[in-house]
Structure formats: structure tokens, C-alpha cells
Amino acid sequence: MPEGVVYTGIPSREELAACPGIPTEARMARGRVAVIECVQEIPCNPCESACRFGAIEIGEQLTALPRLDGEKCTGCGLCVALCPGLAITIVDKSFSATESTVDFPFEYLPLPGEGDTVDACSRAGETVCPARVVAVKKSPAYAGTAVVSIRVPTAFADEVRTMRRLPRREEDI
Amino acid sequence: MRKITAEIAVVGAGPAGLCAALEARLAGADVVLIDENRLPGGQLFKQIHKFFGSKEHRAGVRGFAIGQELLAQVSDSGARVLLDSLVYGIQPDKSMGLLTAGENCLLLAEKIIIASGAKENYTPFPGSTLPGVMGAGAAQTMINVNRVLPGARVVMVGSGNVGLIVSYQLLQAGAEVVAVVEGAPRIGGYGVHAGKLRRAGVPFYLGHTISRAYGDDGVRHVEIARLDERWNPVPGSEFTLDADTICLAVGLNPMTELVWMAGCQFDYIPALGGHVPLHDRNMETTVRGLYVAGDVTGVEEASSAMEEGKLAGVAAAEALGYLDARAAKEKKAEIEARLNRLRSGLFGEKRREAKETQLAAMQRARESEKEVV
Ligand SMILES: Cc1cc2nc3c(=O)[nH]c(=O)nc-3n(C[C@H](O)[C@H](O)[C@H](O)COP(=O)(O)OP(=O)(O)OC[C@H]3O[C@@H](n4cnc5c(N)ncnc54)[C@H](O)[C@@H]3O)c2cc1C
Ligand code: SF4
Ligand code: SF4
């Protein structure tokens, strides 16, 4: 299969490298920051208006790619919940000497609980490693999307983007 | 027969119709808005996902919430809203047949705005008449409006945004999507929508098609085949998946019956979904006083449908004398600027070009009309 988002639904290494929404390695090492993996020119801008800190810029031209200013981004996470493409995660490579956290939007029931061990998954839905759930955030400002934070070995922080869906229980149906 | 009269009748209460009715009413016109469904909102009411578009088109807000907001504004504006009411025909003199509350009525309006939306395409294959084969829109109505899961294991045909979004919503509702099958060699919809499915482990089969579906009492097995460059199935490439549901998301086409009946001129523009009525920058068709807006003018999206609705509403109100030329011109310029911003980029540029073709054809139609006169 050829690489690239139009063939796989997954941005290729090159597409990610050229993507203006991805913070520098140094910025990720310093602490929580948004990683915006939005690589196609689509007419969309809720991330820009979600950010109170002015860290995301799209501008007048609606189809321009979102550009992240890593210095302005506080890692607050609001854009994660408000991006309709579910294309944004928060990565924190300063979590501990060996571990990072990845916060991602999660719109499936049941939600995991804090402290649970879940399967951390890649952009292709493959299990990368087991992960501990650090937090499950639900806020009215998130408009129904939960944001789950998990901790993973830092070596996997660039690879992990979600968790495996949990089996449904009767009461979720 | 009971007569219902209004200065402006708007047929269809999707995003286009709601916006058209609101603009016209706010300008002061007497407006009646009609929809065959019990809930207005058109497509919006089954869209549980957060919308694309810009913040000014309420992007990031879930579709059904946009519908509810618009509806409240329309109700507050004093426009009359007739639900569960079908406009079943239109005469050359523009009088319309309306079924409302079980009664057959005559609907008379000085200006008519048709915002009837679009309907799903169908694609036949051996087994496509089995129970379990349905349009993706039908599946979406089942899960999001009626809260019934159409099946446990779904094959989605088509990777445009509708196929991708409905697949995601089927996963959320608890079904497994065992494959997204796409004839073209690339994914048709937005990468970010496809990405959600990939992260959930849904396999994509590009350059593939369904060769047949079979099962005793409904769909049980789905055979998939690879396509060569000329879209012919490659013998020996078939494989079979177990599935009980097949959803077809193979495009939409404008719901133009009323517009044909009214005698409007059409053009065939595949990028817009097939036969589309010609209209000018006021959204007025070749039949004077008859306007169109939204997916019926060419399949696009809710944000552009809302803007076209506003254009039609403003233009119809202006034609009735409720807006002076300057005020109307200003409003229209703002709307057009927003439409142009929507119709740009990787996915929008083609639509903008198609829309220009449609407007140019309208221009020619108006000119030849003048020559005849
Ligand atoms: C799965 C899916 C996901 C989508 N996601 C997005 C998105 O994220 N962002 C976006 O911008 N767009 C999205 N869209 C597209 C958007 O929903 C449509 O483009 C939009 O609803 C079109 O608006 P409309 O008013 O033209 O038509 P519709 O919403 O289809 O409304 C037309 C209404 O007219 C009624 N009607 C028709 N004929 C008659 C008649 N004769 N008498 C009475 N009533 C009649 C119909 O019943 C309907 O209620 C999506 C569409 C689908 C299917
Ligand atoms: S995480 Fe917060 S500060 Fe950073 S870009 Fe997103 S909304 Fe802005
Ligand atoms: S909201 Fe999400 S999908 Fe839309 S432009 Fe921003 S990052 Fe991309």
C-alpha cells in the first residue's frame, strides 16, 4: 500500500515532518503541548477558536493547515476535545525520567477508569504497549467528548495515539 | 380546497431552508416553512458528530445542536412552520399541492425557495436486494434517531465523508465495522475521519468492490474483489468476510423533482451529484420567482447550504421590496465571501469550479431567453 493519509488514513512520516501543527522535540520534552496531526487542507477551524492562548493559527483562509506556536501552548487540552477531526493529542515527555503522557479524545463507551490498565494503540489501531490511565476528563466545555490521559514509556510517546476500545457492558447500550 | 398563502414559501427545513426562512422573515416578509418530517433540521438531526466548517458556521458544534439552534431562531422570528407536511407538486403557474395534517391544500406564494436536499445513490450487485443492505444514511437514522443497531458486523461501501462518518458512528453505537470498501485507489473523504477508523482498527480495502453478498435469510457473507485500473474485478482476487449488514455510501444526488416539475432548466455536473438546476448569484432559477438553495443545487455540505439559504432568503425579500438594493447588496457580498472561503482547498476547489460552471450555464440560459423575447 502506498504511504500517505489519502491511501491509509494515517499521515506518513514525511507528512508529519512537514506538518506545521507538530511541536519541536525540545518543546515536548519541556512539558504538556498540543500535537496537531492535521495534514490536509480542509475547510475547518474550531481548533483555532478553541485556543484562548492564541497558540493555533489558521487565519482568514479556512483551508490553511493549523499552525502551532509551541511557546504559547500551555497544554490545557481544550482543542483536543473540540477538534471534530479528533486530530489533536497532548504529549508530555517530561512526565517522569522514563515515561510520557499522551492525552487523546475518546468517544466510545464504556470509558476507562483512572488507574486502569489499557492497551495503548497506534495510529493504525495496533497495540503498542500496556498503559496506565492517569485521568479521564469530562467537562461541559468538551461538548460530550472525553479526554483520556495515559502514561507510556517515552520511547512510545510518538507512536501511541489512542487506546483499544473496551468491551461494552449491558448498561452502556 | 383550503388555500394557504404566504409571500414566501420555503420547501424543506434542512439547514438551507431554515436559514432562508430566517433571513426572509427577519427582513420582514411573511414566510411559511414546510417540511415532510416531524422534526425540522433535514440531515442535521441525525448528525451527532461535531461539525466541520468554520466557527461562524458553528463548526465544532454537533449537527443536531445546530439544527435546534436554527429552529429556535426561526420559531422566534414569527415564520410559520408546517411540519409533517409534503409539497407533492407544483404547477406551471407556481401554485403548489400541499398535504398537511391529512388535508390536501393549495399553497400559493409570490416567491418560492426550494431547499429539498439530496437523496442517496444506490449501487446494485448480486445479493444487493437481501435484507441487511441499506443506505448509509438509513443506518445513520436508525442508530442516531431511532436508537436501533442495524446489525453487529457491517461492511461499508464508499470512503467519502458520509461513509467514514457513518462507520465511526456505527462503532460508537456498538457495531463492528469489518471493512470500508472503496473502488477508487484513494480515500475519498477527509483524512482525519479515516484516521479515527484506522485507530479503531477498521481495515480499508481501496481499489476493491463488493462482488456479491449471500446468506439464507439476509446478508451473512460478503465477497470482496480487487479491481483493475479499468474497474473490472480481478478473477481470483476474491475473499469473503462474515457480515450481517452492508451500508452503501456511494454518493448523493440532488432531490430535484419539484424543480423539474416547475420547468426549471438543468445542467449535468457530476462534481455536484448529477443533474442540477441552473441558478444565478441570487439563487433564482430560470423560472422567475423560484429560488433554490442547499444540496438540491448541487451536493455540498451544511455550511454551504446555510449560506445559500441566506442568499435565497435575502434575494427573495429584496425582490418583494423588503430590503433596499444597497442593504441587500451588502448582505449578499458578505455571504458570497463566506461561500468562497468554504469552497477552497483540497476538497473545495473542485466544487467552486463546478459552481462557476453552473453559474455560467445560467448566464447563457438568461441570454438566450432575452434573444427569444
Ligand atoms: C453522514 C453525513 C455527515 C455529514 N457531515 C457534515 C459535516 O460534518 N459538515 C457539513 O457541513 N455537512 C455535513 N453533511 C452534509 C449536510 O448534512 C448536508 O449538506 C445538508 O444537510 C444539506 O442541507 P439542505 O438544507 O440542502 O438539505 P437537507 O438537510 O437534506 O434538508 C432537506 C429537507 O427538505 C425536506 N423535503 C424535501 N422535499 C420536500 C417536499 N417536497 N416537501 C416537504 N419537505 C421536503 C426533506 O425531508 C429534508 O428535511 C453530512 C451529511 C451526511 C449524510
Ligand atoms: S492545548 Fe490549550 S493552549 Fe495548547 S493549543 Fe490546545 S487549546 Fe491552545
Ligand atoms: S479542528 Fe481539527 S480537523 Fe479542524 S483544522 Fe483544527 S486540527 Fe484540523
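None of these values were measured; they are calculated from a predicted model.

(A) Representation of the overall build of chain B within the structure. Counting its secondary structure elements, chain B contains 9 helices and 19 strands. In summary, chain B has a C-alpha radius of gyration of 22 Å against a globular reference of 21 Å for 373 residues, a match within 12%. Burial status across chain B gives 58% buried among its 373 residues. Taking the intrachain contacts of chain B between residues at least 6 apart in sequence as the baseline, contacts between residues at least 24 apart amount to 62%. By element, 52% of the accessible surface of chain B is carried by carbon and sulfur atoms, the whole surface being about 15300 Å². The distance from the centre of the 40 positive side-chain charges to the centre of the 43 negative ones in chain B is 4 Å.

(B) Seen up close, the domain arrangement of chain B. All names here are of chain B. Taken domain by domain, chain B consists of domain 1 (2–119 + 252–372) and domain 2 (122–248). Domain 1 and domain 2 are separated by 32 Å when their C-alpha centres are compared. Each partner contributes residues to the interface: domain 1 has 8 residues there, and domain 2 has 13 residues. Put simply, domain 1 and domain 2 have 0 salt bridges between them. Summed over the shared surface of domain 1 and domain 2, the result is 0 residue pairs in polar contact (both at pLDDT 80 or more). Residues of the side of domain 1 that touches domain 2, tallied by class, amount to 4 nonpolar, 2 polar and 2 charged.

(C) Fine view of the site of ligand 2. The environment of ligand 2 is formed by 13 residues, the closest being Cys51, Cys73, Cys76, Gly77 and Cys79 of chain A. Across the shell around ligand 2, the residue classes tally to 10 nonpolar, 3 polar and no charged.

(D) Representation of the sheet that holds strand S9 (residues 160–163) of chain A. All names here are of chain A. Strand order in the open sheet made by the 7 strands is S1-S4-S5-S8-S7-S6-S9, with antiparallel pairing throughout. Each edge of the open sheet is held by one strand with a lone partner, namely strand S1 (33–36) and S9. If you compare each strand with its neighbour and ignore which way they point, the axes differ by 40° on average.

(E) Spotlight on the interface of chain A and chain B. If you look at the interface, chain A gives 39 residues, while chain B gives 38 residues. Broken down residue by residue, the surface that chain A buries against chain B is led by Pro43, Tyr108 and Arg165 of chain A, which jointly contribute 17%. There are 2 salt bridges connecting chain A and chain B. At the surface where chain A touches chain B, the tally comes to 16 residue pairs in polar contact (both at pLDDT 80 or more). Those elements giving two or more residues to the side of chain A that touches chain B turn out to be helix H1 (5–8), helix H4 (46–50), helix H5 (78–82) and S9 of chain A. Residue contributions to the side of chain A that touches chain B peak at 4 residues, all from H1 of chain A. Residue composition of the side of chain A that touches chain B, grouped by class: 18 nonpolar, 13 polar and 8 charged.

(F) Representation of the pattern of salt bridges in the model. Residues and elements named next belong to chain B. Taken as a whole and judged by the stated rule, the model has 31 salt bridges over all chains. Note that Glu356 and Arg281 form a salt bridge whose closest N and O atoms lie 3.7 Å from each other. Here Glu356 is found in helix H9 (residues 345–372), whereas its partner Arg281 is found in the loop between strand S18 (274–277) and strand S19 (290–292), with 75 residues between them in sequence. The exposure class assigned to Glu356 is partly exposed, which follows from its relative accessible area of 34%. Arg351 is paired through a salt bridge with Glu300; the nearest N and O atoms lie 2.5 Å apart. Highlighted residues: Arg351 in helix H9 and Glu300 in the loop between S19 and helix H7 (302–319), separated in sequence by 51 residues. A relative accessible area of 13% means that Glu300 is categorised as buried. In this structure, a network of salt bridges that share partners links the residues Glu300, Glu301, Glu308, Arg343, Arg351 and Lys355.

(G) View of the site of ligand 3. Around ligand 3, 10 residues are found, and the nearest of them are Ile36, Cys38, Cys44, Cys47 and Cys83 of chain A. Taken together, the residues that form the shell around ligand 3 break down as 10 nonpolar, no polar and no charged.

(H) Summary view of the environment of Gly207 of chain B. All names here are of chain B. In this fold, Gly207 is placed in the loop between strand S11 (204–206) and strand S12 (208–214). We classify Gly207 as buried; its relative accessible area is 13%. It is 8.0 Å that separates the C-alpha atoms of Gly207 and Trp231, two residues lying 24 residues apart in sequence. Ignoring sequence-local partners within four residues, the contact set of Gly207 consists of Glu182, Gly183, Ala184, Pro185, Ala225, Arg226 and Leu227.

(I) Spotlight on the confidence of the model for chain B. Confidence along chain B averages 94 in pLDDT terms, with 97% of residues attaining 70 or more. Interface scoring of the predicted complex returns ipTM 0.97; its pTM is 0.89.

(J) Representation of the environment of Lys3 of chain B. Residues and elements named next belong to chain B. The topology assignment puts Lys3 in strand S1 (residues 2–11). For Lys3, a relative accessible area of 55% puts it in the exposed group. Sequence separation of Lys3 and Asp93 is 90 residues, and the distance between their C-alpha atoms is 15 Å. Other than its neighbours up to four places away in sequence, Lys3 contacts Leu106 and Leu108.

(K) Fine view of the side chain of Lys310 of chain B. With respect to the secondary-structure elements, Lys310 of chain B resides in helix H7. When residues no more than four places from it in sequence are discounted, the contact partners of Lys310 of chain B are Cys19, Ala20, Glu23, Ile335 and Arg338 of chain B.

(L) Expanded view of the pairing of strand S2 (residues 31–34) of chain B. Residue and element names in this part refer to chain B. The two faces of S2 match: Val31 and Leu33 on one face and Val32 and Ile34 on the other face are all buried. Here 4 bridges tie S1 to S2, and the two strands are oriented parallel to one another. Considered in S2, the bridge of Val10 is made with Leu33. Crossover handedness for the path S1 to helix H1 (residues 15–26) to S2: right-handed.

(M) Focus on the pairing of strand S13 (residues 221–226) of chain B. Residues and elements named next belong to chain B. Sheet topology note: the S12/S13 ladder contains 6 bridges and is antiparallel. Each residue of the ladder has a partner; that of Ile210, found in S13, is Ile224. Between the end of S12 and the start of S13, which pair antiparallel, lie 6 residues, with Gly215 showing a positive phi angle near 160°. In the sheet, S13 pairs with strand S14 (residues 239–242) via 4 bridges, with the strands oriented antiparallel. Residue pairing for S14: His221 is matched across the bridge by Asp242.

Definitions and cut-offs
- In this convention, every chain numbers its residues from 1, walking through the sequence in written order.
- Lettering of chains starts at A and numbering of ligands starts at 1, both following the order in which they are written.
- Only residues with pLDDT of 70 or above have their local features reported here, since the model is predicted, and side-chain atom pairs are shown and tallied only from 80 upward, although totals for entire chains, interfaces and linings are computed over all residues.
- The side-chain numbers reported here are obtained from all heavy atoms of the structure, hydrogens and water having been left aside.
- Only DSSP runs of H or I reaching four residues or more are called helices, and only runs of E reaching two or more are called strands; each is numbered from the N terminus.
- What the globule rule says is 2.2 Å times the number of residues to the power 0.38, and the radius of gyration is computed from C-alpha atoms.
- Working definition: with a 1.4 Å probe on protein chains only, accessible area under 20% of the residue-type maximum means buried, over 50% means exposed, and in between means partly exposed.
- It only takes one pair of heavy atoms within 4.5 Å for two residues to be counted as in contact.
- Here the Shrake-Rupley method, with its probe set to 1.4 Å, supplies the accessible areas, and only the displayed protein chains count as covering residues.
- Counting rule applied: Lys, Arg positive; Asp, Glu negative; His and chain ends not counted.
- Working definition for charges: the position is that of NZ of Lys, CZ of Arg, CG of Asp or CD of Glu.
- An automatic or database domain assignment supplies the residue ranges for each domain.
- Here, a salt bridge means any Lys or Arg side-chain nitrogen found within 4 Å of an Asp or Glu carboxyl oxygen.
- N or O atoms closer than or at 3.5 Å make up a polar contact, with two conditions inside protein: a donor-capable atom paired with an acceptor-capable one, and, for residues adjacent in sequence, both atoms drawn from side chains.
- Gly falls in the polar group here, along with every residue not listed as nonpolar (Ala, Val, Leu, Ile, Met, Phe, Trp, Tyr, Cys, Pro) or charged (Asp, Glu, Lys, Arg).
- Note on terminology: near, applied to a residue and a molecule or strand, indicates that one of the residue's heavy atoms is within 4 Å of it.
- Pairing between strands is defined by DSSP: at least two bridges between them are needed.
- For helices, the axis comes from a line fit to the C-alpha atoms of the stretch in contact; other axes are also lines fit to C-alpha atoms, and the angle between any two N-to-C directions lies between 0 and 180 degrees.
- Each of two parts loses accessible area, computed with a 1.4 Å probe, when they are put together; buried area is these two losses added.
- The pLDDT value tells you how sure the predictor is about a given residue, anywhere from 0 up to 100.
- Throughout, right-handed denotes a crossover for which the path from the first strand over the helix to the second runs clockwise when the strands point away from the viewer.

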